[in-house]
Amino acid sequence: MAGNLELAWLGRPQIVLDNTPITGDLPAKALALLCYLSLTRQPHSRERLASLLWGDMPDEQARNNLRGVLTRLRKQLEPYLIIKWETVAFDLASSYRVDVEAFEAGVQRPLATLQSLQQAVDLYRGEFLEDFHVHEAVEFEDWAFPIRERLHGLALRALYRLANAYTQQRNYRATIACADRILALESWQEEAHRLKMHALARLGQPLEALAQFEACKKALAVEFGVEPGPETAALYQKVASGQIEADQARQPDEDLAPPFQAPPRPPFLIGRERELAWLRGRLQQSGQPHVYAITGMAGVGKTAVATDLAHELSPTFKDGVLWANLATSDPAAVLESWGQVYGLDFSGQPNLARRLASLRETLAEKQALLVLDDVFSVEKARRLLPGGTRCAVLLTTRDVEIASDLNAQTLPLTELSPLAGRQMLVELLGERRVTAEGEAADAICALLGQLPLALELIGQRLKSREQRRLADVAARLRQENDRLAELSASDREVRASFAISWESLDGRWQRLFSLLGLFGGRSFAVEALAHTAGLDEYSTGDGLHVLTKLSLVNVETGDRYRQHSLLALFASEKLGNAPEAAGRLAAYHQSYAEQHRQEYDFLQPEWENLTGGMGLAFRYGLSSIVLAYAATLSEPWFTCARFSDARQGFEWASQTAAALPDTGRQAHYLWQWGRACIEQADYPDASRLLRDCLPIYERGENAAGVAQVQSDLARIALEEGRLDEASALLMESRRIREQLGDQIGVAATDYRQARIAYQRGQYPVAEQLARQALAVQETAGDRIGVLRTLRSLADSAFGQKEYGRASDYGERARQLAEELQDEGELAMVFYILSDVGRKQGDLLLAQEYAEKSLPLFQRMGDRKWQAIALYQMSLIHEDDQNYPEALNTTHQSIGILRPLGERYSLANVLIHLGDLELRESRPEQARAAWQEALSIAIELSNDALQESAGERLEKLDNLGQPPSP
């Protein structure tokens, strides 16, 4: 029969069974598993749990490890677990208690008593899973992190509520205890320092209160490099001058509760911890008039933040919290509402102005928080601002100039971070559902631009449709025409929220706003918008100022702006079909590209717009502009490694040429499209496109085109390990180029043959062919060809273990790649130099170059070379005897290579994996890796790989290891 189980995850994990601690009897991953099951309260598949705790291991090994942990847990906690063949769950019907659940329920209870709130706070022994780390369990850490942050925030808010309540009760020792706990969590919390200073002074301990000020000063200097704020300094002066006397007797409190008009508190508030802390500290200052404004676009969560603060800070304001929505209420209605709560009679006042003056006079004597929500008029808000210095005012507005005109200190509220956006979906849908479709969840967040209102509406819709897959919703949101339509509920809609701001614009600026839809949420320059609108830049700047102050567009840097993606969709709806404006924008960016085609620094900030402009030209059938884009950008796309842009651009160009029809350009752009696919290691698409354009070249008797296509098909065969086929294709390509007298083309085939010789392990032959190619390329001034051949020579020297020569060739190639600004070649050169550094024993240099190459491969979208760069990093970690990290990066590499079908590279990495497994005394895992590598080598007819894997298996057998099952 099961006893009583207590699970404490706040602070260091503690497991107590029938009053007996058993924490030390369980390994870390067993504790992690128990924590996950108890808090998610859902059955989980074994695959999910294995991935959670051993995500970087092969599936079978991870499942074996999970079985071991479950066996351990079953021995001690079997009555509390429901372990089935495919799933594992915590038995919610058993007798157990989880401190996290009790803590959350206690601090979030709407009508919590002081005693119950204190009991809940006492459960918070420390941070969630404090000092608890699970080795190589990244997914578990990702799950735990937002929970830790959320519980931390709940603890802080609850402690502040208690501290303020105890201060009102004049229980100053309890106030100090709460303040100390806050400062243990965040030593820089200035408000907590003030609470403690005040309490110490009221207890007749002024010297201790002054010492607390010094502690505050030190904490702020260390954390932020700032001095304490004016209210803290003023409190210090009051204590130092003896103005705060010891409280000898407690006076009777008022029986009536202060007024509270704020809307219901949001059920959760994600990703706003810093903003809340900033406002919390300032709104509680007293002794000076202070107005604070939360600004930002529609749907960003301004009202939610204000509401949360109103509930949290209500104990601080003894005369209550007053609320007014100024978008829907006029000052007279607000006056009536606020006057009633204080029993004011305005019947004797002659007019509204006098009644408002009386209200302000009354508020001047009150300590209240006034919230003015959704302010659109400076005059409306100003008439309600109180006199005196005791009230605090918080307003929300989309218009930053309103905040400025009201002398408010402004807090801009932006979209959520990707982590917070995902956590918002978790709060709405549950951990299990979001984790099961993690990629789709992240896609939804990205497509909605991390806008809280949009995420909430989608989340609520998914919550009411439990059978709907997140992937299906993400697919629908990708259809731009459907995206805003999806973002609606019975009483709220993103489109309607945007429309309020739209309707406040005059006709000129409505047109300018609608033209922003053509940019699709991309960063843009003032000049581009001015050209599209047919305005001068000065007038366009004026319009952008109007749109910026209404949070309809944001200043990015300098003269560049960016609009939120959902606002851009709304603008596009307002614009409708606008071929002339689209044509002007497409022509502007094409002209810009032509002007700066060899000035890559100028192209860098405009890449998204260049693709967007070409897309507009294609959409509106502007054939000449589409083909002009392709002609202008062909070289920059390849040089700057913009291969995804190139693939899209060449697709549009080839379709445009086919529609004209212009078969010559159609074939040319099909070939270029195929080349871009090769650069991203997408060999199936590349082969299809090259074979589509080959007959067009043949029919047109374009021998040079045929030779080039054969050379590129040879490159694909080479990359896929079909060396004989690659060599035959290159020989035919060389024959045609010799007939054409194309010496540069002949040199290019020699370079490719050198790569084949290198792949066969024939390093001297590879070097001879590369030197032969280099002589022609240098004479002809073919700098790109020279760069690639220098890289090949570095490889050949490396293969011959002449690392000094390999380094020299690599450095020459690096300098040339940097001169040409060719990021693709630079990434390859960095990889070679990393390899050389490793062989020369300079592991720091090797790692530096490997870490430089990886992000370049990622930006290029070249998955194959990402995997190879990870393999290189694994070799470096192995040489550095960091075997866990070596295994980690090896598994990452294999995870990329398997779906790509990269057999040759996969075999090399599997051989390395086997070496690492054997080093870790796991011979059967080593055998499995080497056997798979040997099978691939036989399939590829690669003697070097066969020999490498075969020798290892033979040595393993000679060690007396049992044969594989």
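Keep in mind the model is a prediction, meaning the values are calculated, not measured.

Undergrad: Before we move on, could you go through the overall build of the protein and cite the residues and values that matter?
TA: The helix and strand tally for the protein stands at 47 helices and 15 strands. If one aligns the C-alpha atoms of the protein with their principal axes, the spans along those axes are about 105 × 80 × 55 Å. Across the 965 residues in the protein, those meeting the buried criterion constitute 54%. When contacts within the protein are restricted to residue pairs at least 6 apart in sequence, long-range pairs at least 24 apart make up 67% of them. Working note: accessible area of the protein is about 42,400 Å², and carbon and sulfur atoms make up 48% of it.

Undergrad: Tell me about the side chain of T889, and please be specific about residues and values.
TA: Tracing the backbone through its elements, the reader meets T889 in helix α44 (residues 883-900). By relative accessible area, which is 4% here, T889 ends up buried. With sequence-adjacent residues up to four places away left out, T889 is seen in contact with L870, M873, S874 and H877.

Undergrad: Quick one: what's the story with the pairing of strand β11 (residues 392-397), residue by residue and with numbers?
TA: Along any regular strand, the residues point their side chains to alternate faces of the sheet. In terms of residue burial, β11 counts as a mostly covered element, since six of its six residues are buried. Side-chain alternation along β11 places A392, L394 and T396 on one buried face and V393, L395 and T397 on a second face that is also buried. Where strand β10 (residues 369-373) lies against β11, four bridges are found, and the strand directions are parallel. Along β11, the bridge assignment pairs V371 with L394.

Undergrad: How would you explain the sheet that holds strand β15 (residues 560-562) if you had to name every residue and give the values?
TA: Judged by pairing direction, the sheet is antiparallel, and its three strands sit side by side in the order β13-β15-β14 without closing on themselves. Both outer strands of the open sheet, β13 (524-525) and β14 (554-557), are each paired with one neighbouring strand and no more. In terms of strand pairing, β14 meets β15 through three bridges, oriented antiparallel. Looking at the pairing, V555 lines up with Y561 of β15.

Undergrad: How would you summarise helix α4 (residues 99-108) if you had to cite specific residues and measurements?
TA: Here α4 has its buried residues at D99, V100, F103, E104, G106 and V107. Buried positions in α4, seen along its axis, are confined to an arc of 165° and lie on one side of it. Looking at the buried side of α4, the elements it contacts are β1 (5-8), α1 (28-40), β7 (96-98), α5 (114-122) and α6 (138-168).

Undergrad: Please set out the nonpolar core residue by residue, giving values where relevant.
TA: With 213 residues, the main nonpolar core has L279, L283, L394, I444, L487, F498 and F513 as its most contacted residues. Beyond its immediate sequence surroundings of up to four residues, L283 is in contact with H290, Y292, L309, L313, F317, L369, A392, V393 and L394. L39, L53, L66 and L159 belong to the second-largest nonpolar core, a separate cluster that totals 68 residues.

Undergrad: Before we move on, can you summarise the state of the cysteines with the specific residues and values?
TA: Within this structure, the stated rule accounts for zero disulfides. Distance from the sulfur of C178, which forms no disulfide, to the nearest cysteine sulfur (C216) is 18 Å. C178 sits in the buried class, given a relative accessible area of 3%.

Undergrad: For the packing of aromatic side chains, give the residues involved together with the corresponding values.
TA: Tallying each qualifying case throughout the model produces 23 aromatic pairs. Each residue in the set W637, F638, F643, F650 and Y669 is aromatic and connected to the rest through ring pairs, giving one cluster. Directly above the ring of F638 sits R675, whose terminal nitrogen or CZ lies 4.1 Å from the centroid. The ring of W671 has R675 lying over it, and the distance from NZ or CZ to the ring centre is 5.2 Å.

Undergrad: Could you give an account of the packing of α44 against helix α45 (residues 903-919), with specific residues and numbers?
TA: Viewed as axis vectors pointing N to C, α44 and α45 meet at an angle of 155°, and their least axial separation amounts to 10 Å. The orientation of α44 relative to α45 falls into the category roughly antiparallel. As for the relative orientation of α44 and α45, their crossing is left-handed in sense. Touching Y883, A886, L887, T890, H891, S893, I894, L897 and R898 of α44 are S905, L906, V909, L910, H912, L913, L916, E917 and R919, all from α45. Class assignment of the residues belonging to the contact of α44 with α45 gives a composition of ten nonpolar, five polar and three charged.

Undergrad: Explain the packing of α4 against α5 residue by residue, including any values.
TA: Helix-helix packing is characterised by the crossing angle of the two axes and by the distance between the axes. The contact between α4 and α5 brings their axes to 8 Å, and the two run at 150°. Crossing of α4 against α5: the hand is left-handed. Of the residues in α5, those touching α4 at F103, G106 and V107 are L117, A120 and V121. Partitioned by chemical class, the residues of the contact of α4 with α5 number five nonpolar, one polar and no charged.

Undergrad: Quick one: what's the story with the sheet that holds strand β6 (residues 87-90), residue by residue and with numbers?
TA: As a general point, the strands of a sheet are linked pairwise by backbone hydrogen bonds and lie either parallel or antiparallel. Read from one edge of the open sheet, three strands run β4-β6-β5, paired in antiparallel fashion. Both outer strands of the open sheet, β4 (44-45) and β5 (81-83), are each paired with one neighbouring strand and no more. Note that β4 and β6 share two bridges and pair antiparallel. Bridge pairing in β6 places S45 opposite T87.

Criteria and thresholds
Residues numbered from 1 in each chain as written. Predicted model: local features only at pLDDT ≥ 70, side-chain atom pairs only at ≥ 80, totals over all residues. Heavy atoms only, no water. Helix = DSSP H or I, 4+ residues; strand = E, 2+ residues; numbered from the N terminus. Buried < 20%, exposed > 50% of the residue type's maximum accessible area, 1.4 Å probe, protein only. Contact = heavy atoms within 4.5 Å. Areas by Shrake-Rupley, 256 points an atom, 1.4 Å probe, with all protein chains shown as cover. Pairing = 2+ DSSP bridges. Arc of directions from axis to C-beta. Core = buried A, V, L, I, M, F, W, Y, C linked by side-chain atoms within 4.5 Å. Disulfide = S-S within 2.5 Å. Phe/Tyr/Trp six-rings, centres within 6.5 Å; stacked < 30°, edge-to-face > 60°. Lys NZ or Arg CZ within 6 Å of the ring centre and 35° of its normal. Axes fitted to C-alpha atoms, helices over the stretch in contact; angles between N-to-C directions. Parallel < 35°, antiparallel > 145°, perpendicular 65-115°, else oblique. Left-handed = near helix turned anticlockwise from the far one by under 90°. Nonpolar A, V, L, I, M, F, W, Y, C, P; charged D, E, K, R; others polar.

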